[in-house]
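Structural description and commentary
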Amino acid sequence: MPTVSVKRDLLFRALGRTYTDEEFDELCFEFGLELDEITSEKEIISKEQGNEKAEGASDVVLYKIDVPANRYDLLCLEGLVRGLQVFKERIKAPVYKRVTPNGEIQKLIITEETARIRPYAVAAVLRNIKFTKDRYDSFIELQEKLHQNICRKRALVAIGTHDLDTLSGPFTYTAKRPSDIKFKPLNKTKEYTACELMNIYKTDNQLKHYLHIIENKPLFPVIYDSNGVVLSMPPIINGNHSKITVNTRNVFIECTGTDFTKAKIVLDVIVTMFSEYCENPFMVEAAEVVFPNGKSYTFPELAYRKEIVRADLINKKVGIRETPENIAKLLTRMHLKSEVIGDGNQIEIEIPPTRADVIHACDIVEDAAIAYGYNNIQMALPKTYTIANQFPLNKLTELLRYDMAAAGFTEALTFALCSQEDIADKLGLDISATKAVHISNPKTAEFQVARTTLLPGLLKTIAANRKMPLPLKLFEISDIVVKDSSRDVGARNYRHLCAVYYNKNPGFEIIHGLLDRIMQLLNVPPGEKKGGYVIKASEGAAFFPGRCAEILARGQSIGKLGVLHPDVITKFELTMPCSSLEINIEPFL
């Protein structure tokens, strides 16, 4: 969940009254939010960087409020205040309108060169806006919150805001070779080419995270005005020429991206939140965007739509008994203007442009539940005749966990994702032989594939705890994942049990004894007859030659045990012998 930091005194001033910390915490809960922390800038810096760095920092009290990830309208002070005021019925929800300017409409022309990079763009104008220091800070902060949230760190959408009075339309959104783009970027005093900027920003703590989006592209996106002045090079940096300040009166907003729907949502959120400060509140000046195919569209859309939901459905889903009129009132408090229509059981809900999170009737039902108050819903036993029971596989897992611990082994819980190197190279295998499920866009090299064995996770755990007293005896009972073309998802899970023994001697007899104990618990007798188990000499790339055995139970191979190969131990940064056991426990259900 995103966290929004707001100054307490500024918030109370906007709400028109003060609250104790406990009262405001309760108000947040009623509205479906959570007051996460009460702190200050000085306290935050002191925690993160020490008391010396915190000297001179502000002591102003900050409220850190957790906001649902899909409530983009609550990511700034303006949206929070507006939402709370409507919720408490102190004001009515404003009506947002798009207006056409008296003069020439601002135009953004998209060229076909952008098609393979960031093909979409939308734009709007906030005319005669009045910023203060706090309003300006909130405006910048909202853009950053949106970038981190719905914009997916600028990968889907990037926002650019510009002082319109320093520019001359129409504007052109195109793509050029990096060497052909040269401008003075935000907060810099000289001009740089795009290539130079990419090198400079590799050491920038904030911007370096966005360079990968375009750095390997042959063309970089760029926006010019009619005089050839660069507005921005999305999604990296704006130009310094059109930088907005507290004194800016007219703001040109452009959103470029790879997701057209999200670009429109982001633009709607920004203009609805800050049109409050325009000379004509909640009026947004339209801008025209011309696409490469010649079609023109006017933005922002600021579209209202209507949905009809039956009151008895809401009552049934929430577990309450309210009249349609009362439910309509509850929804209106949640910024969803509602009225009873038709046979008296139908409610028509008007969904404003700020509520992009409302997609389905269940979203409306959820808002009705929030407005009614979760604590006000009476508890009742579900009207069902079924009896819940634990899955047999999970029950077997729990029983084995207790007995493994009783045998002197410590349980570990490792990541289900790992690197290709962990399950292949380090174990002496080829990645193609592992049937591993690969992550298409791994965040880091540590999480590239779903694990096909539990062994690497336990060996990495031992490596991280080498200073602990010997012997180290670890086990894990978790799922592994392998490709399976017969399944509709192309893969399937198997529940494995893995145990390792790490000491000055290999301890094969310890692991062998543990296998015997596990089979005893599973009521599987030794020997091939009567569904018993046996171990047979085998070979494995991860095991020392002549020190590996295959485990056969009930006529099928269930796993291997043995002494690990010295190369495997070295690759996991270990220095002593190690024995391991890994079996599939599903055949014993």
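Computed from a prediction, not measured in an experiment: that's the story for all the values here.

The rules behind these values
Residues numbered from 1 in each chain as written. Predicted model: local features only at pLDDT ≥ 70, side-chain atom pairs only at ≥ 80, totals over all residues. Heavy atoms only, no water. Helix = DSSP H or I, 4+ residues; strand = E, 2+ residues; numbered from the N terminus. Contact = heavy atoms within 4.5 Å. Areas by Shrake-Rupley, 256 points an atom, 1.4 Å probe, with all protein chains shown as cover. Lys, Arg positive; Asp, Glu negative; His and termini not counted. Charge placed at Lys NZ, Arg CZ, Asp CG, Glu CD. Expected span 1.5 Å × (residues − 1). Buried < 20%, exposed > 50% of the residue type's maximum accessible area, 1.4 Å probe, protein only. Arc of directions from axis to C-beta. UniProt positions renumbered as here; feature names shortened; annotations may be inferred. Phe/Tyr/Trp six-rings, centres within 6.5 Å; stacked < 30°, edge-to-face > 60°. Lys NZ or Arg CZ within 6 Å of the ring centre and 35° of its normal. Axes fitted to C-alpha atoms, helices over the stretch in contact; angles between N-to-C directions. Parallel < 35°, antiparallel > 145°, perpendicular 65-115°, else oblique. Left-handed = near helix turned anticlockwise from the far one by under 90°. Pairing = 2+ DSSP bridges. Patch = residues over 30% accessible without salt bridge, like charges linked within 9 Å, V, L, I, M, F, W, Y side chains within 5 Å. Salt bridge = Lys/Arg side-chain N within 4 Å of Asp/Glu carboxyl O. Disulfide = S-S within 2.5 Å.

1. Here we look at the overall build of the chain
For the chain, the helix and strand inventory stands at 16 helices and 28 strands. Within the chain, contacts between residues separated by at least 24 positions form 68% of all contacts whose residues are at least 6 apart in sequence. Looking at the chain as shown, the accessible area adds up to about 30,200 Å², and 50% of this sits on carbon and sulfur atoms. Charge separation in the chain, taken as the distance between the mean sites of 74 positive and 76 negative side-chain charges, equals 3 Å.

2. A word on helix H15 (residues 508-521)
Taking 1.5 Å as the rise per residue, H15 with 14 residues should run 20 Å; its terminal C-alpha atoms sit 20 Å apart, in good agreement. Considered for burial, the residues of H15 that qualify are Ile511, Leu514, Leu515, Ile518 and Met519. End-on view of H15: buried residues confined to an arc of 135 degrees, all on one side of the axis. Opposite the buried face of H15, by more than 90 degrees, sit the exposed residues Glu509 and Gln520. On its buried side, H15 packs onto helix H12 (392-406), strand S24 (491-502), strand S25 (533-537), strand S26 (543-553), strand S27 (556-564) and strand S28 (578-584). Positive phi appears at asparagine 523, one or two residues downstream of H15, with a value of about 60 degrees.

3. Structural notes on the UniProt feature "domain: B5" (unreviewed entry) in the chain
UniProt tags residues 302-379 as "domain: B5" (unreviewed entry). In this annotation, residues 302-379 is assigned 38% helix and 22% strand; the end-to-end C-alpha distance for the span is 40 Å.

4. A look at the packing of aromatic side chains
By the definition in use, this model includes 18 aromatic pairs. The interplanar angle of 20 degrees and the centroid separation of 5.2 Å between the aromatic rings of tyrosine 120 and phenylalanine 260 together place this pair among those described as stacked. Of the two residues, tyrosine 120 sits in strand S6 (residues 120-126) while phenylalanine 260 sits in helix H8 (residues 260-274), which places them 140 residues apart along the sequence. Pairwise contacts between aromatic rings join Tyr120, Phe260, Phe291, Tyr297 and Phe299 into one cluster. The lysine or arginine in question, lysine 264, covers the ring of phenylalanine 260, its NZ or CZ lying 4.6 Å from the ring centre. The ring of phenylalanine 87 has arginine 333 lying over it, and the distance from NZ or CZ to the ring centre is 4.3 Å.

5. Some points on the packing of helix H1 (residues 8-15) against helix H5 (residues 77-87)
Where H1 meets H5, the axes come as close as 10 Å, and the angle between the chain directions of the two elements is 40 degrees. Regarding the angle of H1 to H5, the classification is oblique. H1 and H5 meet at a crossing whose hand is right-handed. Contacts between H1 and H5 involve Leu10, Leu11, Ala14 and Leu15 from the former and Leu77, Val81, Leu84 and Gln85 from the latter.

6. Describing the pairing of strand S5 (residues 106-110)
Here S5 shows a buried face lined by Gln106, Leu108 and Ile110 and an unburied face lined by Lys107 and Ile109. With 4 bridges connecting them, S5 and strand S15 (residues 283-290) associate as parallel partners. When the bridges of S15 are listed, lysine 107 appears paired with glutamate 288. As judged from the 3 bridges shared by S5 and strand S8 (residues 171-176), these two strands associate in the parallel manner. Across the sheet, residue isoleucine 109 finds its bridge partner in S8, namely threonine 172.

7. Concerning a negative patch on the surface
A cluster of acidic residues, Glu22, Asp25, Glu26, Glu30, Glu34 and Asp36, forms a negative patch on the protein surface. Mapped onto the negative patch, the elements with two or more residues apiece are helix H2 (21-30) and strand S2 (34-40). Among the elements that make up the negative patch, the one with the highest residue count is H2 (4 residues). Judged by relative accessible area, aspartate 25 falls into the partly exposed class, the value being 35%.

8. Focus: the pairing of S27
Bridge analysis of S26 against S27 gives 7 bridges, and the strand direction is antiparallel. Within the sheet, the bridge partner assigned to alanine 549 lies in S27 and is leucine 561. The loop that links S26 with its antiparallel partner S27 comprises 2 residues; one of these, arginine 554, has a positive phi angle of about 55 degrees.

9. Some remarks on the sheet that holds strand S18 (residues 337-341)
In spatial order, the strands read S17-S19-S18; together these 3 strands make up an open sheet with antiparallel pairing. Looking at which strands have only one partner, the edges of the open sheet turn out to be strand S17 (305-310) and S18. Pairs of neighbouring strands in the sheet enclose a mean axial angle of 25 degrees, with direction left out of account. Seen against the sheet, helix H9 (residues 311-318) touches S17 and strand S19 (346-351) and runs at an angle of roughly 70 degrees to S17. Against the sheet, helix H10 (residues 324-333) makes contact with S18 and S19, and its axis sits at roughly 165 degrees relative to S18, the strand it touches most.

10. Considering the environment of leucine 27
Structurally, leucine 27 is set in helix H2. Among residues more than four places away in sequence, those in contact with leucine 27 are Tyr19, Leu84, Phe87 and Lys88.

11. A word on unusual backbone geometry
A cis geometry characterises the amide bond from glycine 169 onward to proline 170, with omega recorded as 0 degrees. Note on placement: proline 170 falls in the loop between strand S7 (157-163) and S8. With an omega of -5 degrees, the peptide bond running from leucine 470 to proline 471 counts as cis. Phi at asparagine 128 takes a positive value of approximately 55 degrees, unusual for a residue other than glycine. Tracing the chain through its elements places asparagine 128 in the loop between S6 and helix H6 (133-148). You can call asparagine 128 partly exposed: its relative accessible area is 25%. The backbone of lysine 153 sits at a positive phi, close to 55 degrees, despite the residue not being glycine. Inspection of the secondary structure assignment puts lysine 153 in the loop between H6 and S7.

12. Description of a nonpolar patch on the surface
The grouping of Phe415, Leu417, Ile439 and Phe447 at the surface amounts to a nonpolar patch, some 350 Å² of accessible area in total. As for its position among the elements, phenylalanine 447 is in the loop between helix H13 (420-423) and strand S22 (449-450).

13. A word on the state of the cysteines
Enumeration over the complete set of coordinates arrives at 0 disulfides. There is no disulfide at cysteine 28, and the cysteine sulfur nearest it, in cysteine 76, is 15 Å away. You can see cysteine 548 has no disulfide; the closest cysteine sulfur is in cysteine 498, sitting 13 Å from it. Classification of cysteine 548 by relative accessible area gives buried; the value is 6%.

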